[in-house]
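Descriptive structure summary
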Amino acid sequence: MTDGFHFVRHGETEDNRRGVRCGGDRDVPLTGRGVEQARQAAERFRRSGQTCGLVIAGPLERTVVTGALFAETLGVPLLRRDWLRERILGEWNGLPIDLTRPWFAAGETPPGGESEGTFAARVLDGVDELANGPAGLLARRPLLVGSKGIARILLHRLAGRPGVELGNCEVVAFTSLPAPPGGPGWWRCDPLESPPEAPVKAMAGACCPA
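What you see is a predicted model, and the numbers here were worked out from it, not measured in a lab.

This model, assessed by the stated rule, comprises 13 salt bridges. Here Glu-116 and Arg-87 are joined by a salt bridge, their closest N and O atoms 3.1 Å apart. Of this pair, Glu-116 sits in helix α5 (residues 116-132) while Arg-87 is found in the loop between β3 (78-80) and α4 (97-105), placing the two residues 29 residues apart along the sequence. You can call Arg-87 buried: its relative accessible area is 1%. Arg-122 serves as the salt-bridge partner of Glu-114, at 2.9 Å between the closest nitrogen and oxygen. Each member of the pair, Glu-114 together with Arg-122, is buried. Residues participating in the shared-partner salt-bridge network are Asp-15, Arg-18 and Arg-26.

Among the 6 residues of strand β1 (residues 4-9), 6 are classified as buried, and the element is accordingly described as predominantly covered. Judged by which residues are buried, β1 turns out to be covered on both faces: Gly-4, His-6 and Val-8 on one side and Phe-5, Phe-7 and Arg-9 on the other are all buried. Sheet topology places β1 next to strand β6 (residues 171-177); 5 bridges connect them, and they run antiparallel. Counted as the bridge partner of Phe-5 is Phe-174 from β6.

Sheet architecture is open: 6 strands sit in the order β3-β2-β4-β1-β6-β7, paired in mixed fashion. On the outer flanks of this sheet lie β3 and β7 (186-191), each paired with one strand and no other. Between one strand axis and the next, the sheet turns through 25° on average, direction left out of account. Helix α6 (residues 148-158) contacts β1, β6 and β7 of the sheet and is inclined by roughly 140° relative to β1.

What follows covers the confidence of the model for the protein. Here the protein shows a mean pLDDT of 88. Residues at 70 or above account for 87%. pLDDT under 50 marks residues 196-210. Its contacts with residues more than four places away, or in other chains, come to 44 contacts.

The next thing to look at is the environment of Ala-120. Secondary-structure assignment places Ala-120 in helix α5. Residue classification places Ala-120 among the buried residues on the basis of a relative accessible area of 1%. Along the chain, Ala-120 and Arg-152 lie 32 residues apart, while their C-alpha atoms are 9.4 Å from each other.

In this section: α4. Among all positions of α4, only Ile-97, Thr-100 and Phe-104 are buried. Down the axis of α4, the buried set is contained in an arc of 75°. They therefore lie on one face. The exposed set on the far side of α4, more than 90 degrees from its buried face, consists of Asp-98 and Ala-105. Among the structural elements, α6 are those in contact with the buried residues of α4.

In this section: the nonpolar core. Counting 27 residues, the largest nonpolar core has Phe-5, Phe-7, Leu-144, Leu-154 and Phe-174 as the members making the most contacts within it. Those elements giving two or more residues to this core turn out to be β1, α5, α6, β6 and β7. With 6 residues, α6 is the single largest residue contributor to this core. In terms of nonpolar packing, the next biggest core, distinct from the first, is built from 16 residues, Ala-41, Cys-52, Val-76 and Val-145 among them.

Calculation criteria
Residues numbered from 1 in each chain as written. Predicted model: local features only at pLDDT ≥ 70, side-chain atom pairs only at ≥ 80, totals over all residues. Heavy atoms only, no water. Salt bridge = Lys/Arg side-chain N within 4 Å of Asp/Glu carboxyl O. Helix = DSSP H or I, 4+ residues; strand = E, 2+ residues; numbered from the N terminus. Buried < 20%, exposed > 50% of the residue type's maximum accessible area, 1.4 Å probe, protein only. Pairing = 2+ DSSP bridges. Axes fitted to C-alpha atoms, helices over the stretch in contact; angles between N-to-C directions. Contact = heavy atoms within 4.5 Å. pLDDT = per-residue confidence, 0-100. Arc of directions from axis to C-beta. Core = buried A, V, L, I, M, F, W, Y, C linked by side-chain atoms within 4.5 Å.

Below, the structure written as structure tokens:
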């Protein structure tokens, strides 16, 4: 079996509903709608017949609860990994996404927050550990549960798909492909069925986390 993993963005939070920034240093719960989104997405994933032997969630409540609902529905273990924590946004937390989007596009670092380079390196190191660590987790086709910024790094840096933004509880599949001769390995990303009212959004510029 070809190694790979799935990724799902957590269910809706109140900050998502309001359209404001919510980083890894802001721990907010799912809304009632967000819990129901996760339940329905988990059932759709189960019915899809996709192979998944493990759910790995970020440490925040919104990702842990989403991950727990998927793990329960699929009947598989749930692990937590801190590298799946959303980018730390410091003083940009709670600000409107539209206001801050140009700052992200310009590569600015939030006061008291995490730089783009540090954030991307953390996520990619986590994927490398998943793929090459001694536990052999990637062979179990795990489902990773994180936030929009994590998805942005995976889509852009692994699969070469910048400018794609995932909706709440949208699932995509990453598959490891053979490395070109003399070059690094690379990944393919395939969307699964989009949840209702949350299609993948192709954006004109760089996609920003929220």
